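Single-letter residue listing:
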Amino acid sequence: MEERLQKILSKWGIASRREAEEMIVLKRVRINGALAHLGQKADPETDTITVDGKPISGVVRPALIYLLLHKPAGIVSTCDDPQGRPTVLHLLPKELRENQGIHPVGRLDAYSTGALILTNDGNLTFGLTHPSHSIPKTYRVLVKGHPPESVLQRWRQGVMLEGKKTRSAQVRLRESLADESCLEIILKEGKNRQIRRVAQLLGYPVIKLHRTAIGPIQLEKPGEPLLAEGSYRSLKDDEIRFLQEQIKHIPINDSAGFRSIKQS
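Anyway, here's the lowdown on the structure attached to this text. (Residues numbered from 1 in each chain as written. Predicted model: local features only at pLDDT ≥ 70, side-chain atom pairs only at ≥ 80, totals over all residues. Heavy atoms only, no water.)

Attention now goes to the overall build of the chain. The helix and strand tally for the chain stands at seven helices and 19 strands. Its C-alpha atoms give the chain a radius of gyration of 20 Å, near enough to 18 Å, the size a compact globule of 264 residues would have. When its C-alpha atoms are laid out on the principal axes, the chain stretches across 65 × 40 × 35 Å. In the chain, buried positions account for 47% of the 264 residues. (Helix = DSSP H or I, 4+ residues; strand = E, 2+ residues; numbered from the N terminus. Rg over C-alpha atoms; globule rule 2.2 N^0.38 Å. Buried < 20%, exposed > 50% of the residue type's maximum accessible area, 1.4 Å probe, protein only.)

Below, the structure is given as structure tokens:
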């Protein structure tokens, strides 16, 4: 059965869809010997698909893996970094890092820390990074100064970034320190460096940014030890079910046009 090439590479654990698209653009992928192009379809059962000259038809599909990582500062949320910086995959053992297709779902910038999901489930990654998803993400943010309630209220209602207003957010003061303030912020969207950009715009730059939870998936649950920085754990069955439930009605574009993601 023919499917879009980036979807095939994702399903086979080669890369996330976004990374698969980059591979195609960089001319690393061929179908039956010819360079592939974005949007092209193929049948992995009858077509010979190669990445960097290596056929994927002989690759055994890895089992689906779902991890929660406590990302430290200085680590980039990609599988490969042109600047040679350490990536989140460097925190995994070799048996998970290689030939499993594991990749981060979304990103935390290099200076931010906290909860990050890693998986080789391409459908899940696509759904969770789709603009229409709205899983709340919880952050603990240390900012310079002491933003008054009027500023926090403005933040809650949405701020204009690049001509578009951010979604409403939950923002509350956790602690007021001598020259800084600790805030708890819950977002249902993830524009690039959104919290840092909004904080700068409002006049209270971010000093530290730490994501504590993705929906109910937390680095530290009551009665359980904190997941140590740089460590990871497998997601529990109920956490995986929660994520899969969130993407059931995310539209995806495939050979049948737009439809909802179906769980097998």
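Moving on, we get to the pairing of strand S13 (residues 170–176). The pairing of S13 with strand S14 (residues 180–187) spans six bridges and is antiparallel. The residue bridging Val-171 from the neighbouring strand is Ile-185, located in S14. The antiparallel hairpin formed by S13 and S14 contains three residues in its connecting segment. (Pairing = 2+ DSSP bridges.)

Turning our attention to the pairing of strand S10 (residues 137–144). In terms of burial, S10 is a largely internal element, six of the eight residues being buried. In the sheet, S10 pairs with S14 via eight bridges, with the strands oriented antiparallel. What sits directly across from Val-143, in S14, is Ser-181. Of the pairings in the sheet, the one linking S10 to strand S15 (residues 206–214) comprises seven bridges and is antiparallel in character.

Bringing unusual backbone geometry into the picture now. Peptide bonds are trans in most cases, and residues, glycine excluded, mostly fall at negative phi. Although it is not a glycine, Asn-32 adopts a positive phi angle of roughly 50°. Counting through the fold element by element, Asn-32 comes out in the loop between strand S2 (29–31) and strand S3 (34–35). Looking at Asn-32, the relative accessible area reads 48%, which means it is partly exposed. At Asp-52, a position not held by glycine, the phi torsion is positive, near 55°. One can find Asp-52 in the loop between strand S5 (49–51) and strand S6 (54–55). For Asp-52, a relative accessible area of 47% puts it in the partly exposed group.

Attention now moves to the nonpolar core. Ranked by size, the top nonpolar core spans 21 residues in total, and within it Val-141, Trp-155, Ile-185 and Ile-195 carry the most contacts. Contributions of two or more residues to this core are made by S10, helix H5 (149–157), S14, helix H6 (194–202) and S15. With four residues, H6 is the largest single contributor of residues to this core. If near-sequence neighbours (up to four positions away) are discounted, Ile-185 is found in contact with Lys-137, Thr-138, Tyr-139, Val-141, Trp-155, Gln-170, Val-171 and Ile-195. Val-105, Ile-117, Ile-135 and Ile-214 belong to the second largest nonpolar core, which has 16 residues in total. (Core = buried A, V, L, I, M, F, W, Y, C linked by side-chain atoms within 4.5 Å. Contact = heavy atoms within 4.5 Å.)

Let us now look at helix H7 (residues 237–246). Taken together, the buried positions of H7 are occupied by Glu-239, Ile-240 and Leu-243. With its buried residues spanning 100° around the axis, H7 presents them on a single face. Facing away from the buried side of H7, by more than 90 degrees, are the exposed residues Asp-237 and Arg-241. Considering only its buried residues, H7 is in contact with strand S7 (66–71), strand S9 (113–119), helix H4 (122–128), strand S16 (217–218) and strand S17 (232–234). (Arc of directions from axis to C-beta.)

This paragraph deals with the environment of His-70. Relative to the elements of secondary structure, His-70 occurs in strand S7. When the C-alpha positions of His-70 and Leu-227 are compared, they lie 6.6 Å apart, and in sequence the two are 157 residues distant. Discounting residues that sit within four places of it in the chain, His-70 has contacts with Gly-114, His-210, Leu-219, Leu-227, Ala-228, Glu-229, Gly-230 and Ser-231. Side-chain polar atoms of His-70 contact the backbone oxygen of Leu-227, separated by 2.6 Å. (Polar contact = N/O pair within 3.5 Å; in protein donor to acceptor, adjacent residues only side chain to side chain.)

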